[in-house]
Amino acid sequence: MSVTQLTGRTTADEDVVHLTVPADGGYLSVLRTATAGLAARLQFALDEIEDLRIAVDEACAMLLAIATRDAELECSFAVTEDALTVEVTVPTVRGAKLPAESSFAWKVLTALTTAAAATAADGRATISLLTRRAAH
């Protein structure tokens, strides 16, 4: 079993936080909490924070369903002045496929975020979520 790892790196216009946890549903609360904390730092409204937490949870659930045994779920948070991009990736079992963009899970992601995208290649699947803060 691995240890949860958190690192941060600052670039000129964004902060990037990397969080790695075991690919197990029991660790999703760590990612939800990190998501909420970073969104609060950007002064997202409470509804926006909750929507993003749900979207991250849904994206992780999609990935856990196709993750290899004993995999690690890697999550990268890019924080800019008015947006939070969350990218979650995991190694996948052979032949794994993400749900179709017409699926209910994708409808949830696109309804709760500004943009959502996914890729699956070379034994890894990644889901990226972008949420821009609403104008106050």
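Parameters at a glance
- Residues numbered from 1 in each chain as written.
- Predicted model: local features only at pLDDT ≥ 70, side-chain atom pairs only at ≥ 80, totals over all residues.
- Heavy atoms only, no water.
- Axes fitted to C-alpha atoms, helices over the stretch in contact; angles between N-to-C directions.
- Helix = DSSP H or I, 4+ residues; strand = E, 2+ residues; numbered from the N terminus.
- Left-handed = near helix turned anticlockwise from the far one by under 90°.
- Contact = heavy atoms within 4.5 Å.
- Nonpolar A, V, L, I, M, F, W, Y, C, P; charged D, E, K, R; others polar.
- Buried < 20%, exposed > 50% of the residue type's maximum accessible area, 1.4 Å probe, protein only.
- Arc of directions from axis to C-beta.
- Expected span 1.5 Å × (residues − 1).

Per an unreviewed UniProt entry, the chain goes by Serine/threonine-protein kinase RsbW and derives from Micromonospora pallida.

### Describing the packing of helix H1 (residues 28–41) against helix H2 (residues 46–64)
Direction vectors running N to C along H1 and H2 enclose 145 degrees, while the axes themselves pass 9 Å from each other. Handedness of the crossing formed by H1 with H2: right-handed. Touching Leu28, Leu31, Arg32, Thr33, Thr35, Ala36, Ala39 and Ala40 of H1 are Ile49, Leu52, Arg53, Val56, Asp57, Cys60 and Leu64, all from H2. Of the residues assigned to the contact of H1 with H2, the class counts are ten nonpolar, two polar and three charged.

### Describing helix H3 (residues 104–112)
Those residues of H3 that sit buried are Ala105, Trp106, Val108, Leu109 and Leu112. Down the axis of H3, the sector holding all buried residues measures 155 degrees, keeping them to one side. Of the exposed residues in H3, the ones pointing more than 90 degrees away from its buried face are Phe104 and Ala111. Each element contacted by the buried residues of H3 is listed here: H2, strand S5 (115–121) and strand S6 (124–132).

### Let's talk about H2
The terminal C-alpha atoms of H2 lie 27 Å apart, and with 19 residues this matches the ideal 27 Å at 1.5 Å per residue to within 8%. All of the buried residues in H2 are Glu48, Ile49, Leu52, Ala55, Val56, Ala59, Cys60, Met62 and Leu63. Buried residues in H2, looked at end-on, bunch into an arc of 155 degrees, giving them a common side. For H2, the exposed residues lying more than 90 degrees away from the buried face are Leu46 and Asp47. Contacts from the buried residues of H2 go to H1, strand S3 (72–79), strand S4 (83–91), H3 and S6.

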